[in-house]
Amino acid sequence: MRYEKNVQLKNSLPCRIRAAEEADGAAVLEALLEVKRETDFLVGYPEECTLTAESEGAFLKSKAESPGEVQLIALVDGTVAGIAAVSALSARQKLRHRAEFSISVRKEFWGLGLGKALTACCIEAARQAGYAQLELEVVADNTRAMGLYRHLGFREYGRNPKGLRSKYTGWQTLVLMYLDLESSKSEIN
């Protein structure tokens with residue numbers, strides 16, 4: 001899926017959000033590993049990653065060629081500052097109206113509005129792809145992310161008290177959230 005948008009961050013830096021391409025494999029993998037080192041809110045640890053720049057590039061190529069899925073990257077001064085995705089939940093007829101949303105932002109770009117911009121772009125891309133519902137899971141202790149998602153219209157529909165098991169903090173509750181893309185048609189500010 002193709003997508004591109006230019007935004008300005010809170011610190012006045014320009015940011016280009018676009019669909020990732022095969023050639024972005026190494027930079028996206030580097031950013032993903034960096035975020036996994038910086039936060040305990042993601043699934044998996046950097047040492048568990050078996051991806052290569054080539055395998056990541058092939059994955060990004062498949063997303064770029066997909067009519068209903070997208071892997072977005074946020075570029076600030078040529079650096080991949082954040083990554084976000086809209087992925088089909090399933091191709092089965094009863095489930096194809098649902099998509100999953102995921103996001104990660106490098107710590108040096110926290111608090112600049114990048115998470116909000118990437119989330120808004122994913123919501124827009126999910127609507128363009130024809131999805132009726134966008135879903136996510138977020139660690140309950142990630143209160144900043146939960147506040148953002150609520151602000152953008154996501155609603156909590158359940159909790160998994162043993163959703164993740166952190167090697168640092170033990171059990172992490174996962175909060176399940178969704179956005180009804182058909183009833184929340186307003187523009188995101």
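Quick notes on the rules
Residue indices begin from 1 for each chain and proceed along its sequence in written order. Per-residue local features are limited, in this predicted model, to residues with pLDDT of at least 70; the limit for side-chain atom pairs, both in listing and counting, is 80 or more; totals at the level of whole chains, interfaces and linings are taken over all residues. Hydrogens are left out, water is left out, and the side-chain values use all remaining heavy atoms of the structure. Each residue is placed in one exposure class: buried if its accessible area under a 1.4 Å probe, protein chains only, is under 20% of its type's maximum, exposed if it is over 50%, and partly exposed if it falls in between. Under the scheme used here, helices are H or I runs from DSSP no shorter than 4 residues and strands are E runs no shorter than 2 residues, and both carry numbers assigned from the N terminus. Here, strands pair whenever DSSP counts at least two bridges between them. Only the stretch in contact is used when a helix axis is fitted, and all axes are lines through C-alpha atoms; the angle between N-to-C directions ranges over 0 to 180 degrees. Only heavy atoms enter the contact rule, under which two residues are in contact if any of them lie within 4.5 Å. We define the nonpolar core as a collection of buried residues of types Ala, Val, Leu, Ile, Met, Phe, Trp, Tyr and Cys that are connected through side-chain atoms lying within 4.5 Å of one another. Pairing of aromatic rings covers Phe, Tyr and Trp, the last counted by its six-membered ring, and requires centre-to-centre distances within 6.5 Å; plane angles under 30 degrees mean stacked, over 60 mean edge-to-face, and any other angle means tilted. Only when the NZ atom of a Lys or the CZ atom of an Arg is both within 6 Å of the ring centre and within 35 degrees of the ring normal do we say a charge sits over the ring. By the criterion applied in these results, polar contacts are pairs of N or O atoms within 3.5 Å in which, for protein atoms, one can donate a hydrogen and the other can accept it, and in which residues neighboring in sequence qualify only through two side-chain atoms. When an angle is under 35 degrees it counts as roughly parallel; over 145 it counts as roughly antiparallel; between 65 and 115 it counts as roughly perpendicular; any other value is oblique. Two helices that cross are described as forming a left-handed crossing if the nearer one is turned anticlockwise from the farther one by less than a right angle, and a right-handed crossing if clockwise. Nonpolar residues are Ala, Val, Leu, Ile, Met, Phe, Trp, Tyr, Cys and Pro. Charged residues are Asp, Glu, Lys and Arg, and all others, Gly as well, are polar. Relevant arc is that of directions from the helix axis to the C-beta atoms, nothing else.

## Let's talk about the pairing of strand E3 (residues 70–76)
Part 1 of the reasoning: Buried residues dominate E3, accounting for seven of its seven residues.
Part 2 of the reasoning: In E3, alternate side chains face the same way, and those of Val70, Leu72, Ala74 and Val76 on one face and Gln71, Ile73 and Leu75 on the other are all buried.
Part 3 of the reasoning: Sheet topology note: the E3/strand E4 (residues 79–88) ladder contains seven bridges and is antiparallel. Note on E4: the bridge partner recorded for Ile73 is Ile83.

## Thoughts on the sheet that holds strand E6 (residues 133–139)
Part 1 of the reasoning: If you walk across this open sheet you meet the eight strands as E1-E2-E3-E4-E5-E6-E8-E7, and the pairing is mixed. Two strands close off the open sheet at either side, each with one partner strand: strand E1 (4–8) and strand E7 (155–166). Averaged over all pairs of adjacent strands, the angle between strand axes in this sheet comes to 25 degrees, irrespective of strand direction.
Part 2 of the reasoning: With seven bridges connecting them, E6 and strand E8 (residues 170–180) associate as antiparallel partners. Considered in E8, the bridge of Val139 is made with Leu174.
Part 3 of the reasoning: Those strands touched by helix H1 (residues 25–38) are E3, E4 and strand E5 (98–105), and its axis lies near 95 degrees from that of E4.

## Remarks on the nonpolar core
Part 1 of the reasoning: Membership of the largest hydrophobic core comes to 41 residues, with the highest contact counts inside it found for Leu114, Leu134 and Tyr149.
Part 2 of the reasoning: Mapped by element, the contributors of at least two residues to this core are strand E2 (14–19), E3, E4, E5, helix H3 (114–128), E6, helix H4 (143–151) and E8.
Part 3 of the reasoning: Looking at this core, the element that brings in the most residues is H3, giving eight residues.
Part 4 of the reasoning: Not counting chain neighbours up to four residues away, the residues in contact with Leu134 comprise Val86, Ala99, Glu100, Phe101, Cys122, Ile123, Ala126, Phe154, Met177, Tyr178, Leu179 and Leu181.
Part 5 of the reasoning: Among the nonpolar cores identified, the runner-up in size contains nine residues, and Ala20, Leu75, Val80 and Ile83 belong to it.

## A look at the side chain of Glu135
Part 1 of the reasoning: Structurally, Glu135 is set in strand E6.
Part 2 of the reasoning: Residue classification places Glu135 among the buried residues on the basis of a relative accessible area of 7%.
Part 3 of the reasoning: Ignoring any residue separated from it by four or fewer positions in sequence, one finds Glu135 in contact with Leu89, Arg98, Ala99, Glu100, Phe101, Tyr157, Met177 and Tyr178.

## Regarding the packing of aromatic side chains
Part 1 of the reasoning: According to the stated counting rule, one finds five aromatic pairs in the structure shown.
Part 2 of the reasoning: Counting every residue linked through ring pairs, the aromatic cluster contains Phe101, Tyr149 and Phe154.
Part 3 of the reasoning: The cationic tip of Lys167 hangs over the ring face of Tyr45; the distance from NZ or CZ to the ring centre is 4.4 Å.

## A word on the side chain of Glu69
Part 1 of the reasoning: For Glu69, the position within the fold is in the loop between helix H2 (53–65) and E3.
Part 2 of the reasoning: In this structure the side chain of Glu69 is engaged in a polar contact, spanning 3.0 Å, whose partner is the side chain of Lys63.
Part 3 of the reasoning: At a separation of 2.7 Å, a polar atom in the side chain of Glu69 contacts the main-chain amide nitrogen of Ala88.
Part 4 of the reasoning: The contact partners of Glu69, leaving out residues within four places of it in the chain, are Met1, Lys63, Val86, Ser87, Ala88 and Tyr131.

## Details of the packing of H3 against H4
Part 1 of the reasoning: Following both chains from N to C, one finds H3 and H4 inclined at 45 degrees, their axes separated by 11 Å at the closest point. Considering their axes alone, H3 and H4 lie oblique with respect to each other. At the point where H3 passes H4, the crossing takes the right-handed sense. Across the interface between the two elements, Gly115, Lys116 and Thr119 from H3 touch Leu148, Tyr149 and His151 from H4.
Part 2 of the reasoning: Classifying every residue of the contact of H3 with H4 by side-chain character gives two nonpolar, three polar and one charged.

## Describing H4
Part 1 of the reasoning: For H4, the complete set of buried residues consists of Ala145, Met146, Leu148 and Tyr149. An end-on view of H4 places all buried positions within 160 degrees of arc, on one side of the element. Facing away from the buried side of H4 by more than 90 degrees, the exposed set consists of Thr143, Arg144 and His151.

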